[in-house]
Amino acid sequence: MIISTTCSKRSLCFSGILFLFTILPFLSRGDDGYRLWLKYDKITDTAYYSMCQQHLQTFSIVGSSKTLQVAAKEIKKGFGGMLATNIKEVSSGDGQLILTKYKDLHTHLKKQFRQDNPFHEEGYFIRSIEEEGKRKIFIVGQEDIGVLYGTFHFLRTVQTRGRLEGLSIRNAPKLQWRMLNHWDNLNRTVERGYAGQSIWKWDELPDKIDERYIDYARANSSIGINAVAVNNVNASPHILTQEYLEKLAALADVFRPYGIRLFISINFASPTALSGLSTADPFEPAVQRWWNNKIDEIYTIMPDFAGFLVKANSEGQPGPQDYGRTHVDGANVLARSLARHNGILIWRAFVYENKGNDRVKDPYDEFASLDGQFLPNVFVQTKNGPLDFQPREPHSPLFGALASTSQMMEFQITQEYTGFSTHLVYLAKLYKEVLDSNTYTDGQQASVAQIVDGTLQGQSMTGMAGVSNIGDVQNWTGHLFAQANWYAFGRLAWDHELSSKQIAKEWIEMTLTHEPKAVETIVAIMEGSYEHMVNYMMPLGLTVLSSEGHHYGPQPWRRTGFHNANKEGIGYNRTSTGSNAVAQYTEPLQRKYEQVETCPEALLLWFHHLPWSYQMQSGRTLWEELCFKYNDGVEGVRQMQQQWCAVRQQIDTATFEQVDRLLAEQEDEAVWWRDACLEYFSQVSKLAIPAEYEVPRYKEEDLKKKEKQSQNLKHYSVAR
Ligand code: GCV
């Protein structure tokens, strides 16, 4: 199948020709995407440029820590680019822009920065203040890291053409830990990674520090990410060898000035793999000694090491249950040892048995009863939904069920089930949908976000992790718009009250264009993209229709136990007459999901098995609705293609073309999904696809070919 892009199909009209000869030469061409949202291109709005130039000729920085030095460097880089002239660093306190810690402010100024006690250690103020007839802008942090976060906020303000007069910003993160989890293997393959190889060049470390590590730290810090686990949760024991600890220490040195703490994923059976021990039983004194020694060794090399992330007794990974111990037993032994150095243990709740039961119940069944038994430095890390990062799932019932346990949200940024790096899908919509879901904990309004940020149940540690979508391709993420998912994850981990739209707008203005109409159009593309993807892949709460193994493309005929389609109907009965997974939710949510009349249609087939003739709110039958949704999803992608064409003149040529080409591929694959799923369900149900819908592009033979092709495509394969 030859894919032609919507835009390239169009003939070059007069305005297009005019554009080629007039405007195009002035646009930057061939942006490779490496600079992410920290582009700092020269401001082209002359009024805004003059205003900035007037107020930002000099800056000064009070203090000399490494964090303040990187803040100064960023100011020079940012304004050097945006103003195309050097912003001069002058002695402490004299600049038009002043970066300082609160404690270093002159007493008369301190009063102006009313401290709401105690001010957050990562927080900052940005204020413009008149002093002796001169206007100065102050970026004030409680600690150095607050100054750096404030610096990035101020740069963002200018990047998004915000006002500089009357600036009065007070900001602090809502969560303590804002974390990226890399599923990067030590051989540089990336599990579920679609953007090249791992960025960590283990063979060069610790001697050679790749420039990319620094840019990675800058990008993360600019959105408030303060922790990273650098290796796969399917962890190699070798990460704990002295050789790797030295490499890790070199990375920790790079991250430190940017306020980023280093975690590693560890293999629970490391004591057996790396020493002569015959067991990794956490209750065995020799095993405990081994962990104590290893952890001491780590802290000797990295005194601010953050801790371990552990996937145990899940998908074949070793764990305490191998020795008849519980998750609490295993986690607490490691946590106790880490606690001696103020380290943290993150223990994943992603467990399932695969014994023919309803696996979505397993995380709750295994973990809810353990509430309150973990040591205070343990996080239980819970995936957003009870299954496994499907396009749409209800929130995990563990949110709300662990009142006495610190619980970290785990989202996936890499698009394992949402189009890899081929499909434009803005995941902030998914994140927000989950964070805003009402858990009805204690029968009241209680969003997932309120559980995660500890305001409802008062957990002592709070955090959110995102499985990284970063690789060593030039633009970091493959699809340019996948950068927006990294960006949005960080922004929401910092402040879950931001809207997806606001984040999209910021990202577009920092990355793509400032032209208001184009910004509006691209916001619309991004905001609509998530629902389109759900519709052409797995509408109405369906799950796991994707290929087995690599998970790319449709294979609804493979794992039929997830949708249970038969001649009579489709869906998973998780009500009290079925697996009773609904019982894991609190009332009145349980009742809402149990009753088909009140169950949201977006999750209908997640909770119910229904006849094909079931009447939907639209007046269509379930079968007709399914056909409608799949077609609607495809139409949505076509709409995105047209919207993208409409902004062509405002976008860098290389960027425009990459996205245009990928959208064409997305359209083709949306059709593939639609045709494969509807063809299969039509065969099973013996119902014909209504004539009002488009004739399938892919006939049975083509579908087989396409499936085979996708199995062979190298970049679709799982890299373990
Ligand atoms: C790291 C899913 C993915 C696996 C991943 C696992 C997990 O099953 O397909 O690749 O393994 O989740 O989150 O541990």
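Residues numbered from 1 in each chain as written. Predicted model: local features only at pLDDT ≥ 70, side-chain atom pairs only at ≥ 80, totals over all residues. Heavy atoms only, no water.

**What about the overall build of the chain?**
Consideration 1: Assigned secondary structure in the chain consists of 22 helices and 16 strands.
Consideration 2: Computed over C-alpha atoms, the radius of gyration of the chain comes to 26 Å, within 12% of the 27 Å expected from 2.2 N^0.38 for 720 residues, which places it in the range of a compact globule.
Consideration 3: By principal-axis analysis of the C-alpha atoms, the chain measures approximately 80 × 80 × 50 Å.
Consideration 4: With 720 residues in all, the chain has 63% of them scored as buried.
Consideration 5: Excluding contacts between residues fewer than 6 apart, the proportion of contacts in the chain whose partners are at least 24 apart in sequence is 73%.
Consideration 6: Both charge centroids of the chain, one from 74 positive and one from 84 negative side chains, sit 4 Å from each other. (Helix = DSSP H or I, 4+ residues; strand = E, 2+ residues; numbered from the N terminus. Rg over C-alpha atoms; globule rule 2.2 N^0.38 Å. Buried < 20%, exposed > 50% of the residue type's maximum accessible area, 1.4 Å probe, protein only. Contact = heavy atoms within 4.5 Å. Lys, Arg positive; Asp, Glu negative; His and termini not counted. Charge placed at Lys NZ, Arg CZ, Asp CG, Glu CD.)

**Here we look at the side chain of Ser 222**
Consideration 1: With respect to the helices and strands, the residue Ser 222 is situated in helix 7 (residues 211-222).
Consideration 2: Ser 222 sits in the buried class, given a relative accessible area of 8%.
Consideration 3: A polar atom in the side chain of Ser 222 sits 2.8 Å from the side chain of Trp 37.
Consideration 4: A distance of 2.6 Å separates a polar side-chain atom of Ser 222 from the backbone oxygen of Ala 219.
Consideration 5: Those residues in contact with Ser 222, other than ones at most four positions away along the chain, are Trp 37, Leu 38, Phe 152 and Arg 156. (Polar contact = N/O pair within 3.5 Å; in protein donor to acceptor, adjacent residues only side chain to side chain.)

**Quick look at the sheet that holds strand 8 (residues 227-229)**
Consideration 1: The sheet built from eight strands closes into a barrel, its strands ordered 7-8-9-10-11-12-13-14 with parallel pairing. Recorded for the sheet is a direction-independent mean angle of 25° between the axes of neighbouring strands.
Consideration 2: Bridge count for strand 7 (residues 177-181) against strand 8 is three bridges, and the pairing is parallel. Bridging from a neighbouring strand, Leu 180 pairs with Val 228 of strand 8.
Consideration 3: With respect to the sheet, helix 8 (residues 242-255) is in contact with strand 8 and strand 9 (261-266), its orientation differing from that of strand 9 by roughly 150°.
Consideration 4: Seen against the sheet, helix 13 (residues 428-435) touches strand 13 (406-412) and strand 14 (463-467) and runs at an angle of roughly 150° to strand 13. (Pairing = 2+ DSSP bridges. Axes fitted to C-alpha atoms, helices over the stretch in contact; angles between N-to-C directions.)

**Concerning the packing of aromatic side chains**
Consideration 1: This model, assessed by the stated rule, comprises 37 aromatic pairs.
Consideration 2: The interplanar angle of 75° and the centroid separation of 5.0 Å between the aromatic rings of Tyr 149 and Trp 494 together place this pair among those described as edge-to-face. Taken together, the positions of Tyr 149 in helix 6 (residues 144-159) and Trp 494 in helix 15 (residues 482-494) put the pair 345 residues apart, joining distant regions of the chain.
Consideration 3: Relative to Tyr 216, the ring of Trp 200 has its centre 5.1 Å away and its plane inclined at 85°; by these criteria the two rings are edge-to-face. Linking Trp 200 in the loop between strand 7 and helix 7 with Tyr 216 in helix 7, this pair joins segments that are 16 residues apart in sequence.
Consideration 4: Pairwise contacts between aromatic rings join Tyr 34, Trp 37, Trp 200, Tyr 213, Tyr 216, Phe 255, Trp 476, Trp 486 and Tyr 487 into one cluster. (Phe/Tyr/Trp six-rings, centres within 6.5 Å; stacked < 30°, edge-to-face > 60°.)

**As for the pairing of strand 12 (residues 378-383)**
Consideration 1: Counted residue by residue, strand 12 has six buried out of six residues, so it is predominantly covered.
Consideration 2: Judged by which residues are buried, strand 12 turns out to be covered on both faces: Val 378, Val 380 and Thr 382 on one side and Phe 379, Gln 381 and Lys 383 on the other are all buried.
Consideration 3: As judged from the four bridges shared by strand 11 (residues 344-348) and strand 12, these two strands associate in the parallel manner. Bridging from a neighbouring strand, Trp 347 pairs with Val 380 of strand 12.

**Things to note about the site of the ligand**
Consideration 1: With respect to spatial proximity, 14 residues lie near the ligand, and among them Glu 191, Lys 311, Arg 348, Lys 383 and Glu 416 are the closest.
Consideration 2: The side chain of Arg 348 places a nitrogen or oxygen atom 2.7 Å from an oxygen atom of the ligand.
Consideration 3: Coverage of the ligand by the protein amounts to 98% of the 340 Å² it exposes when considered alone.
Consideration 4: Tallied by class, the residues present in the shell around the ligand amount to three nonpolar, three polar and eight charged. (Near = heavy atom within 4 Å. Areas by Shrake-Rupley, 256 points an atom, 1.4 Å probe, with all protein chains shown as cover. Nonpolar A, V, L, I, M, F, W, Y, C, P; charged D, E, K, R; others polar.)

**Focus: the environment of Ile 214**
Consideration 1: If you trace the backbone, Ile 214 turns up in helix 7.
Consideration 2: For Ile 214, a relative accessible area of 25% corresponds to the partly exposed category.
Consideration 3: Distance from Ile 214 to Gln 650, taken between C-alpha atoms, is 30 Å for residues 436 residues apart in sequence.
Consideration 4: Discounting residues that sit within four places of it in the chain, Ile 214 has contacts with Val 254 and Tyr 258.

**With respect to the packing of helix 6 against helix 7**
Consideration 1: Contact pair helix 6 / helix 7: the axes reach a minimum separation of 9 Å and the direction vectors enclose 80°. One finds that helix 6 runs roughly perpendicular with respect to helix 7. On helix 7, the residues touching Leu 148, Tyr 149, Phe 152 and Arg 156 of helix 6 are Arg 218, Ser 221 and Ser 222.
Consideration 2: Across the contact of helix 6 with helix 7, the residue classes tally to three nonpolar, two polar and two charged. (Parallel < 35°, antiparallel > 145°, perpendicular 65-115°, else oblique.)

**Some words on empty space enclosed by the protein**
Over the atoms, a rolling probe the size of a water molecule traces out where space has been left empty.
Consideration 1: Scanning the entire structure with this criterion turns up eight cavities of 30 Å³ or more.
Consideration 2: The computed volume of the largest cavity comes to approximately 100 Å³.
Consideration 3: Looking at the largest cavity, the residues that line it are Asn 384, Phe 389, Gln 390, Pro 391, Phe 411, Gln 412, Thr 414, Gln 415, Thr 418, Leu 427, Leu 430 and Tyr 431.
Consideration 4: Of all elements in the fold, only strand 13 and helix 13 reach the threshold of two or more residues within the lining of the largest cavity.
Consideration 5: Broken down by class, the residue content of the lining of the largest cavity amounts to six nonpolar, six polar and no charged.
Consideration 6: The volume enclosed by the second largest cavity comes to roughly 70 Å³.
Consideration 7: When contributions to the lining of the second largest cavity are tallied by element, the ones reaching two or more residues are helix 6, helix 7 and helix 15.
Consideration 8: Looking at which element gives the most residues to the lining of the second largest cavity, the answer is helix 6, with three residues.
Consideration 9: Counted by class, the lining of the second largest cavity contains five nonpolar, four polar and two charged residues. (1 Å grid on protein atoms, 1.4 Å probe; cavity = no way out; pocket = protein on both sides within 12 Å on 5 of 7 lines; lining within 4 Å. Points joined across faces, edges and corners; volume = space filled by probe spheres on them.)

**With respect to helix 8**
Consideration 1: Taking 1.5 Å as the rise per residue, helix 8 with 14 residues should run 20 Å; its terminal C-alpha atoms sit 20 Å apart, in good agreement.
Consideration 2: Those residues of helix 8 that sit buried are Tyr 244, Leu 245, Lys 247, Leu 248, Ala 249, Ala 250, Leu 251, Ala 252, Val 254 and Phe 255.
Consideration 3: The elements touched by buried residues of helix 8 are helix 7, strand 8, strand 9 and helix 10 (285-301). (Expected span 1.5 Å × (residues − 1).)

**What about the confidence of the model for the chain?**
Consideration 1: Residues with a pLDDT of 70 or more make up 94% of the chain, whose mean pLDDT is 94.
Consideration 2: Confidence drops under a pLDDT of 50 for residues 10-28, and excluding neighbours within four residues, the segment shows 17 contacts in the predicted structure.
Consideration 3: Counting interchain partners and residues more than four positions distant, the pLDDT-below-50 stretch residues 715-720 has 23 contacts. (pLDDT = per-residue confidence, 0-100.)

**Section: the packing of helix 16 (residues 500-511) against helix 17 (residues 516-537)**
Consideration 1: Contact geometry for helix 16 and helix 17: axes closest at 9 Å, N-to-C directions at 130°. Of the possible angle classes, the one that applies to helix 16 and helix 17 is oblique. In terms of crossing hand, the pair formed by helix 16 and helix 17 is right-handed. Contacts between helix 16 and helix 17 pair Ser 500, Lys 501, Ala 504, Lys 505, Trp 507, Ile 508 and Glu 509 from the former with Val 519, Ile 522, Val 523, Met 526 and Glu 527 from the latter.
Consideration 2: Partitioned by chemical class, the residues of the contact of helix 16 with helix 17 number seven nonpolar, one polar and four charged. (Left-handed = near helix turned anticlockwise from the far one by under 90°.)

**Brief notes about the nonpolar core**
Consideration 1: Phe 79, Phe 154, Phe 255, Phe 308, Trp 486 and Phe 681 are the most contacted members of the largest nonpolar core, which totals 204 residues.
Consideration 2: It is helix 21 (residues 653-685) that provides the largest number of residues to this core, a total of 13 residues.
Consideration 3: Formed by 18 residues, the second largest nonpolar core is a distinct cluster that contains Trp 177, Val 233, Tyr 417 and Val 467. (Core = buried A, V, L, I, M, F, W, Y, C linked by side-chain atoms within 4.5 Å.)

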